[in-house]
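Observations on the three-dimensional arrangement
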Amino acid sequence: MEPLLLFVMVLFFLVIGVPIAVALGLSSVLFIMLFSNDSMASIALKLFEAQQHYTLLAIPFFILSSAFLSTGGVAQRIIRFSIAMVGFFPGGLAMAGVFACMMFAALCGSSPATVVAIGSIVIGGMRQAGYTRDFAAGVICNAGTLGILIPPSIVMVVYAAATDVSVGRMFLAGIIPGLLAGVMLMIGIYIAARIKNIPALPWAGFREIFESALDAGWGLFLIVIILGGIYGGIFTPTEAAAVAAVYAFFIALFVYRDMGPLKDEPWHKDGEGLAQAAARNLLRTLIAFVPALFHRDTQKTMLDAGKVTLMLMFIIANALLFAHVLTTERIPQTVTEAFISAGLTPWMFLVVVNLLLLLGGQFMEPSGLLLIVAPVVFPIAVEMGIDPIHLGIIMVVNMEIGMITPPVGLNLFVTSGITGMSVMQVVRAALPWLAILFVFLIIVTYVPWVSTFLPNTLMGPQTVN
Amino acid sequence: MLSRLVNRLEEGAIAFFLAGMVVITFSQVVARYVFNSGAVWALELTTFFFAWLVLLGVSYGVRIGAHLGVDAFVKMLPKRYERPLVIFAGLCCCAYAGLMLYGSWDYWSKIYRFGIDTEDLYVPRIIVEALFSGEPGYRYEPIGIDRWVPYAVLPLGMALLLFRFAQATYLIAVGKRELLIAGHEAEEAVAEAKSELQRGENDNTHTGGRS
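Everything quoted here is computed from the prediction, not taken from an experiment.

1. A word on the overall build of chain B
A count of helical and extended segments in chain B gives eight helices and two strands. For chain B, the α and β elements follow one another from N to C terminus as α-α-α-α-β-α-β-α-α-α. Relative to its 211 residues, chain B shows a buried fraction of 40%. Intrachain contacts of chain B at a sequence separation of at least 6 include 77% that bridge at least 24 residues.

2. Examining the overall build of chain A
Helix and strand counts for chain A come out as 21 helices and zero strands. At 23 Å, chain A has a C-alpha radius of gyration in line with the 23 Å of a compact globule built from 465 residues. Taking the principal axes of its C-alpha atoms as reference, chain A extends roughly 80 × 55 × 45 Å. The buried share of chain A, taken over its 465 residues, is 62%. Across chain A, the fraction of contacts at a sequence separation of at least 24, relative to all contacts at a separation of at least 6, is 77%. When the 19 positive and 22 negative side-chain charges of chain A are each reduced to one mean point, those points stand 12 Å apart.

3. Description of the side chain of A:Ser212
Residue and element names in this part refer to chain A. Tracing the backbone shows Ser212 in helix H11 (residues 206-231). A distance of 2.8 Å separates a polar atom in the side chain of Ser212 from the backbone oxygen of Glu208. With near-sequence residues (within four places) excluded, Ser212 lies in contact with Arg80, Phe81 and Ala84.

4. Topic: the packing of aromatic side chains
Residue and element names in this part refer to chain B. Scanning all chains against the criterion turns up 32 aromatic pairs over all chains. Between the aromatic rings of Phe48 and Tyr151, the centroid separation amounts to 6.2 Å while the plane-to-plane angle is 70°, which identifies the pairing as edge-to-face. Of this pair, Phe48 sits in helix H2 (residues 41-64) while Tyr151 is found in helix H6 (residues 148-151), placing the two residues 103 residues apart along the sequence. You'll find Phe48 and Tyr151 in the same group, each marked buried.

5. What to know about the packing of helix H9 (residues 154-163) of chain A against helix H10 (residues 167-196) of chain A
All names here are of chain A. Interaxial distance between H9 and H10 falls to 9 Å at its minimum, and their mutual angle equals 140°. Taken together, the axis directions place H9 and H10 in an arrangement best described as oblique. Of the two elements, H9 crosses H10, and the hand of that crossing is right-handed. Within the contact between the two elements, H9 uses Met156, Val157, Tyr159 and Ala160 and H10 uses Val167, Met170, Phe171 and Gly174. Across the contact of H9 with H10, the residue classes tally to seven nonpolar, one polar and no charged.

6. A short note on the side chain of A:Thr405
Residues and elements named next belong to chain A. Within the secondary structure, Thr405 is located in the loop between helix H18 (388-402) and helix H19 (410-419). By relative accessible area, which is 13% here, Thr405 ends up buried. Those residues within four positions of Thr405 in sequence are excluded, and the remaining contacts are Gln362, Leu412 and Leu434.

7. Here we look at the interface of chain A and chain B
Taken together, the contact between chain A and chain B spans 73 residues of the former and 73 residues of the latter. In this assembly, chain A packs against chain B so that about 6600 Å² is buried in total across both faces, 78% of it on carbon and sulfur atoms. Here chain A is connected to chain B by one salt bridge. We note a salt bridge from A:Glu239 to B:Arg32, for which the minimum N-O separation is 2.9 Å. Where chain A meets chain B, there are five residue pairs in polar contact (both at pLDDT 80 or more). Top element by residues in the side of chain A that touches chain B is helix H14 (residues 296-328) of chain A. It accounts for 13 residues. Residue composition of the side of chain A that touches chain B, grouped by class: 52 nonpolar, 16 polar and five charged.

What counts and how
- Residues numbered from 1 in each chain as written.
- Chains lettered and ligands numbered in written order.
- Predicted model: local features only at pLDDT ≥ 70, side-chain atom pairs only at ≥ 80, totals over all residues.
- Heavy atoms only, no water.
- Helix = DSSP H or I, 4+ residues; strand = E, 2+ residues; numbered from the N terminus.
- Buried < 20%, exposed > 50% of the residue type's maximum accessible area, 1.4 Å probe, protein only.
- Contact = heavy atoms within 4.5 Å.
- Rg over C-alpha atoms; globule rule 2.2 N^0.38 Å.
- Lys, Arg positive; Asp, Glu negative; His and termini not counted.
- Charge placed at Lys NZ, Arg CZ, Asp CG, Glu CD.
- Polar contact = N/O pair within 3.5 Å; in protein donor to acceptor, adjacent residues only side chain to side chain.
- Phe/Tyr/Trp six-rings, centres within 6.5 Å; stacked < 30°, edge-to-face > 60°.
- Axes fitted to C-alpha atoms, helices over the stretch in contact; angles between N-to-C directions.
- Parallel < 35°, antiparallel > 145°, perpendicular 65-115°, else oblique.
- Left-handed = near helix turned anticlockwise from the far one by under 90°.
- Nonpolar A, V, L, I, M, F, W, Y, C, P; charged D, E, K, R; others polar.
- Buried area = accessible area lost by both parts, 1.4 Å probe.
- Salt bridge = Lys/Arg side-chain N within 4 Å of Asp/Glu carboxyl O.

Structure below.
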């Protein structure tokens, strides 16, 4: 019965408005003081040790690279490319919104940030083109959740750290499900557009596709660096994240020039020769190089990324402490034995995992929830012969859905914020598309191939230790 | 005046440690491929920077209200129940910070007394030689850095956290602050987007409508 008290405490603290990190930490500390003889010194040390974890070291770097690239300017470029690619289908603008969310997700690991960046541009555009507000908000609210499924994803890094599977495998495993979810949403839009007779945009032509791809490509090359670097064995995931952060800095300040000392400096001025333009750009870049490092915009981006990092790491450190208490209380073993002796099939077990995560996702931040649930669920899954990578993807997809189901769905609040609709209106608007994501969840849960094919083909089969 | 200075210090420290982590890790990749070398101390120093960033930063996070929590239930309550509950939540946070401060101090004072070295960190050779090379018959010997130096951030950060939680609770009690927590991580960005949206609707030049 004692372990139950632990969960009751967490829930109580959360409901009265204590920060998630403190709710987890305080419950663990109180529990240890009551039932265990761990010293307070070893508990406090856990807060420091979370930052010594090599895998988790990738988190601040990924946050920083997405801070440089999740600006309105980058979103504009991606949306332009998306419209050129899929705009000519019926309901093309909505499809382009989904497509843009998928690409933006590859630059930035956060779902709410994806909704803000893409949604604040696309939803307005869709309404001008004659879509209803509900349609526009519902589509973007759902498509934005792809942020944590399409690599690089911070939630995947956290799962890898919690269960000692490789980050590289998790990233690879997210690709096919991410594409599948996007395509399913787009098919849904196509059908809805056919029924509702939503017009298509004119075909933009190959020239526009080529030009917009080139423009968006600078940013999208980031994912090539990360995935290519990891699978090519050039660097570790943590180093890949650091390289990505440096690359993002260069692209944002010197290529896109959305911020920093070269802001509004055009690449090509009217009536300027090619050699002259090249010389001017080279010179300006060289002169601006050192000031750019200390520019106000750079500092602000660093600070923003730092804020997100410390907020997230505080939750993660306390969730690790919580997980430590669970393990010392042998809760995972008890639960495993209960599950095995109940004769539960893997099929039923996955249903239970789904329900548990959907419920927990109502209250918790995804990374924190994952760190609490993974130590309990992971050993059972291994015992039942479920692939750890497959389990990881199931968990991530559940987190996604948790973000768009009331009462505490992050994406709902964000969408309500950028459209001015009430949260209940957003819930209603998101519902039909949520059904598509549920079908997607069922596919991901019961067709392991979707998650395991890429990592097993490219990196060899997973071995369970 | 003082609060402006403290603000600059806190923000500067956060940006500095994050930048330091990126620069060290990136330079290690460059060193490996371009110069075929690397520094043993790099990884340990990066993790210490990370710890300093987070542990010094959490108190700053409390001050600006960046920590995530569930505000849905508290906001449903009538106003006169809301404030006492939030004050109670603030006291819980103070208790947490106090317990952690006690534990950190306990740990830190122990390693201070025992004087354990860090794994790979040494006082830079230049400094050591500048200090001692004047002595006759001196030969360079590396001097390790004690563990209590990087770990000092643990009691320091927890003391600051306790202070900021107490301050926030006080501000709530006197009605100068409403909540301890942020409802979601993108609150600021949403507020920005919202004001932009309104501007866009007013003059009807909203971007993105390439349709």
